[in-house]
Amino acid sequence: MEAAELLPLPPTPFVLARWSTATVGPDIHIKVGRTLYSVPWKLIGRKVDVRSTATMVQVFHDGSLVKTHTALDQGKRTDKSDYPPEKIAFQMRTPVWCRSQASEIGDACRQVVDQLLEVNVLYRLRAAQGVLGLRKKYGDTRLEAACSRAIAVGDPSYRTIKGILIAGTETDPEPETSGDAGAAAFLHGPAQLFATVATPDTTDDIHDDQVHDEAEVEAR
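Residues numbered from 1 in each chain as written. Predicted model: local features only at pLDDT ≥ 70, side-chain atom pairs only at ≥ 80, totals over all residues. Heavy atoms only, no water.

Asker: Account for the sheet that holds strand β7 (residues 75-77), with residues named and values stated.
Answerer: The strand order across the open sheet built from three strands is β2-β3-β7, with neighbouring strands paired in mixed fashion. Looking along the sheet, the strands with just one partner apiece sit at the ends: β2 (29-32) and β7. Geometrically, the sheet is characterised by an average inter-axis angle of 25 degrees between neighbouring strands, direction not taken into account. As paired elements, strand β3 (residues 35-38) and β7 share three bridges and run parallel to each other. Its bridge partner lying in β7, T35 is registered against G75. (Pairing = 2+ DSSP bridges. Helix = DSSP H or I, 4+ residues; strand = E, 2+ residues; numbered from the N terminus. Axes fitted to C-alpha atoms, helices over the stretch in contact; angles between N-to-C directions.)

Set out below in structure tokens:
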């Protein structure tokens with residue numbers, strides 16, 4: 001009897017949702033339940049409204065939708081496009097990119113980058129990027145010379161190369177040696193090393209040993 005009076009069902013099913021408020025952290029993420037979700041970096045420090053459903057998380061700022069993520073029970077969801085431009089550029093500078101840029105600068109720079117990325121690539125990637133970043137301030141010619149000098153002194157690290165460029169010593173001549181590769185002058189060999197050491201008089205000791213041996217023979 002009441003069926004004819006009922007309104008038709010809505011075109012889409014009703015979805016249960018939970019609303020909450022979050023503050024965007026310095027790492028561009030907000031915490032919703034047990035999960036971290038990224039939002040655009042310009043909202044760092046701002047408060048946002050979050051609508052969470054079983055399948056979706058929507059982030060609103062001042063009533064406008066600014067981000068949508070697929071819901072995750074626990075963990076972290078990050079959209080790299082939410083990072084500032086400089087962060088995105090950093091992530092795009094892969095080891096392949098670093099080697100390619102180093103080859104454009106010169107052989108010495110390529111050798112430095114290859115050594116830095118030889119082991120623990122992810123840990124030392126920032127150092128390789130730092131070396132390449134010096135070309136913007138000092139130019140390819142000076143950077144190549146600084147890399148060459150750092151290799152010559154046996155310390156092809158970012159700190160050493162930067163120090164050489166700051167001091168402007170990348171073109172200084174190598175220190176001269178006297179043909180002994182810089183070895184100290186007191187290496188004279190064992191004969192000279194013990195020449196001044198007093199030799200103990202062992203005559204009495206030898207005599208005592210002979211007396212002891214003769215006493216053992218008589219006892220036998």
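Asker: Let's hear about the packing of helix α3 (residues 107-116) against helix α5 (residues 135-152): which residues, and what values?
Answerer: Between α3 and α5, the least distance of the axes is 7 Å, while the angle of their chain directions is 55 degrees. Looking at the two axes, α3 sits oblique to α5. Where α3 crosses over α5, the handedness of that crossing is left-handed. Each of D107, A108, C109, Q111 and V112 in α3 lies in contact with α5, whose residues at this interface are L143, E144, C147, S148 and I151. Class assignment of the residues belonging to the contact of α3 with α5 gives a composition of six nonpolar, two polar and two charged. (Parallel < 35°, antiparallel > 145°, perpendicular 65-115°, else oblique. Left-handed = near helix turned anticlockwise from the far one by under 90°. Contact = heavy atoms within 4.5 Å. Nonpolar A, V, L, I, M, F, W, Y, C, P; charged D, E, K, R; others polar.)

Asker: So what about the side chain of H61? Which residues, and what values?
Answerer: Tracing the sequence through the fold places H61 in strand β5 (residues 56-61). Beyond its immediate sequence surroundings of up to four residues, H61 is in contact with L43, R46, K47, V48 and V66.

Asker: Could you give me a rundown of the packing of aromatic side chains, with the residues and numbers involved?
Answerer: For any pair of aromatic rings, the description consists of the separation of the ring centres together with the inter-plane angle of the planes. By the definition in use, this model includes one aromatic pair. A centroid spacing of 5.5 Å and a plane angle of 35 degrees characterise the contact between W19 and F60, whose relative ring orientation is tilted. With a gap of 41 residues between them, W19 in strand β1 (residues 18-23) and F60 in strand β5 connect regions that are remote in the sequence. By relative accessible area, which is 16% here, F60 ends up buried. (Phe/Tyr/Trp six-rings, centres within 6.5 Å; stacked < 30°, edge-to-face > 60°. Buried < 20%, exposed > 50% of the residue type's maximum accessible area, 1.4 Å probe, protein only.)

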